[in-house]
Each structure stands twice: as C-alpha cells, then as structure tokens.
Amino acid sequence: MAVLKVKFTKTKRDKLAQILWILNWVSVVSGIILFSLGLFLKIEIKKRNEVMAKGDINSVPNMLISVGVIACIINFLGGKICYDCSDANKFSRWKLVMLPYIICTFCFTFCILLGSLMCYTMRNELEESLYLGLRDAIKFYKDTDIPGRCFLKKTVDLLQIGFHCCGNNGFRDWFEIQWVSPRYLNMASKEVLDRLKSNVDGKFLVDGVPFSCCNPSSPRPCIQYQLTNNSAHYNYDFLTEELNIWMKGCREALLDYYTGIMRSIGIAALLIWLFELSVLIGVRYLQTAMKNVLLLGDLEGESDGWLLENSFVETAKYNINIIKNLGKANQISTVSSMNDPNINVQNTDCGKTNVTTKSIPEAR
C-alpha cells in the first residue's frame, strides 16, 4: 500500500510543477546563503588564527561552503526538471533521471543537516584550539624583536581591549610568565636582579598585567602592578574590592563569541534543511504523479502520487533483499568460477594438422 497517496488532476500537476520551479530557485538562494555563512565563519576564524592552534576547526566552514555550492547546482537542475514536468512530452526526457535525482538529493540534504549539527559539536575543538593558541601567544608576548612573533603583542593587546578580557583563563595567567621584554629591564637595579634570582627559571615575574587588561569604565585609575599587594595602594584590598581590570579570560570571551556565531549558523542551516526536504517531497509527488499519467496513457486525466509505493516496512525489506542478493550473486559467481571444470583446461588437439575427418558419402 502506497504511503501518503494523493490524487492529482492535470491542473494540480501543473500548479505543483510551477510552484516547485519557483521553490527550487528559492533553494538556489538558500544555497548561496549557506555558502556565504560558511565563508563568513571561515573569515572570522582566519582573523584570529594567530591565537588559535592548528586543528580541524576549519572543517565546519569548509563543509558549509561545499554544501552551499552543491545546493546551488542541484536546485538549478531541479528547477529545470520541474519546469519541464508541466508538459508530459518533456517529462519523458527526465523520466529515467528523476528517481536517481531524488535519491541523490535526499542523501545530499543530510549533508546540510550534518553541517548544522557540526556547528554545535565544534565547541570542544574550538575551545582546545583557543586554549593552546592563547597560551603560546601570551608566552611570546614579550618577543617583539623576534621575527614571526613581533606582531603577537599587538594582537593580544587588541584582543584584550576588543573582547574585554585578560589572559587565557584569567588575569592571573600573566603572573606565571615573563611578559616584559628584557630590553626594558634595568639590569643595574637591585630589585630587578633580586626578582630574576628569586625565580628558578631566571624569569622576571610580577603580579601585574599589560595595560590592555585595564577596564576604562572603572572610576579608579588602573592598577596594573602589584595587584596582590594591598600596602602598595591606598585604600585597596584585592580580595574584597572589585579590580579595575577585566576579569574574564580571553578563551571564554572568544568561545562565547564564536559559539554565538555557530549557533546562529546552525539554526539557519537547520531551517534550510527543512525547506530543502519539503521541496524534495514535492518533487517526489510530481515524479510519481507524472509517471502514473504516462502509464495510464491519459495525459489529461487524474493520477496518483505518493511518497513511497509500498509501506516503510515493505520498502525496507525490499532494499535489504536487494543488498543480500547482490552479495549472494557475487559469492555464487566466485564459487562457480572456481569449480568450473572448463576453466584453465588445455586443449590437447591444439597444433595438430593431421586430424582425419569422416566425409559424408555422396548421394547417387
């Protein structure tokens, strides 16, 4: 029994073909939107690739770009098919193509769904990439004279100012590294030498942060140095007072930023998938209705269209049997070829020229 069978008159078939022609062109636009969203995400990631470790974070934008291009091509072809289906004579040219087209498009729509789901599963890879990238960027913050690293100070400062963040996990990350270049340290100063000697690795560590961590909205002048020393500042207690630097780590700030972008892209991709699926269902009804018209031979009469010719269970069993028979056919072919006595048998009469043959006596 057919699944979701609908009866179509000629007028309904023509209207369905016209509507699907328009919807396929709308789908071309949706493919362009997918392409644009993937390109936008790729550019946003590339903007801050200096603070990201190399990984598979570009897999999502690359997939969206690819899916968008393929969607434009498929829906352009679908529009042409639906336009020709308004005429039964033109439909005969596409009769053998439509079913493979529907199957391939059905599988392709799940690539759109996969791209939508990947936008939500990308968070873990992005978080790890940001953690490693920011850790190295902060570590090389002082290396303004080394080629290949001289831009990191500017990058980190602009990042902390723009995203209102400080450090990787927080401002205390700056306490664990030497972020002041040795060229700006007075090696004749006893305080500097004592601080260098007090550290096992010989680094100049201070409980201070770069200027880009300062919060300009704070009424108090920014306290960058000796953040944990209450006696160094008047009327100051770092444990109870709200510090006038950004408290959020840059990893969390960037992760929230990219998560918001990917959530919006994921929702858009999901809506496009639902739209593409609905268009594909309409194309399936048009294909079965036009096929039945040709079988009945009455181009002006009514015809049935359906989603599946048989029930879901029967269709599944039928496809499973096809797969099993394909496997059995391959096995039978292999076994029969192994047991065929006529294979690799040498002809012992080859090369003999003196073979006598019986002649047929002449009729008298």
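Scroll up to find the structure this text is about.
Since this is a predicted model, take the numbers as computed values, not measurements. Numbering of residues begins from 1 in every chain and follows the order in which that chain's sequence is written. Owing to the predicted nature of the model, reporting of local features is limited to residues with pLDDT of at least 70; listing and counting of side-chain atom pairs is limited to 80 or more, with chain, interface and lining totals taken over all residues. Hydrogens are left out, water is left out, and the side-chain values use all remaining heavy atoms of the structure.

On to the environment of Leu-23, then. By the criteria applied, helices consist of DSSP H or I runs no shorter than four residues and strands consist of E runs no shorter than two, each listed in order from the N terminus. The residue Leu-23 is located in helix H1 (residues 10–47) in this model. The contact partners of Leu-23, leaving out residues within four places of it in the chain, are Phe-275 and Val-279. For this analysis, residues touch if any pair of their heavy atoms sits within 4.5 Å.

Let us now look at the side chain of Gln-178. Tracing the backbone shows Gln-178 in the loop between helix H5 (152–163) and helix H6 (190–198). Polar contacts involving the side chain of Gln-178 include one to the main-chain carbonyl oxygen of Val-180, which spans 3.1 Å. Polar contact criterion, stated in full: a pair of N or O atoms within 3.5 Å, where within protein one must be able to donate a hydrogen and the other to accept it, and residues adjacent in sequence count only if both atoms are side-chain atoms. One polar contact links the side chain of Gln-178 to the main-chain amide nitrogen of Phe-204, over a distance of 3.0 Å. Apart from the residues lying within four places of it in its own chain, the contact partners of Gln-178 are Lys-142, Leu-185, Lys-203, Phe-204 and Leu-205.

Before going further, it helps to spend a moment on the state of the cysteines. Only a pair of cysteine sulfur atoms within 2.5 Å qualifies as a disulfide here. Using the criterion set out here, one finds three disulfides in the structure. The disulfide bridge from Cys-165 ends at Cys-250, spanning 2.1 Å between sulfur atoms. Judged by the sign of its S-S torsion, about 85°, the bond between Cys-165 and Cys-250 is right-handed. Of this pair, Cys-165 sits in the loop between H5 and H6 while Cys-250 sits in helix H7 (residues 250–296), and the two are 85 residues apart along the sequence. In this structure, Cys-165 and Cys-250 share a single accessibility class: buried. The side chain of Cys-214 participates in a disulfide bridge whose partner is Cys-222; the two sulfur atoms lie 1.8 Å from each other. Between Cys-214 and Cys-222, the S-S torsion sits near -75°, and that sign places the bridge as left-handed. The class of Cys-214 is buried, set by a relative accessible area of 16%. Counting its disulfide-bonded cysteines in sequence order, the protein chain shows a connectivity of 1-6, 2-3, 4-5. The cysteine Cys-111 is free of any disulfide, with Cys-107 supplying the nearest cysteine sulfur at 8.2 Å. Of the residues examined, Cys-111 reaches a relative accessible area of 31% and is grouped as partly exposed. Each residue is placed in one exposure class: buried if its accessible area under a 1.4 Å probe, protein chains only, is under 20% of its type's maximum, exposed if it is over 50%, and partly exposed if it falls in between.

A separate point is unusual backbone geometry. The phi dihedral of His-164 falls on the positive side, at around 50°, and the residue is not glycine. For His-164, the position within the fold is in the loop between H5 and H6. Even without being a glycine, Gln-226 presents a positive backbone phi close to 50°. Of note, Gln-226 is situated in the loop between H6 and H7.

Purely geometric stuff here, so don't read any function into it on its own.
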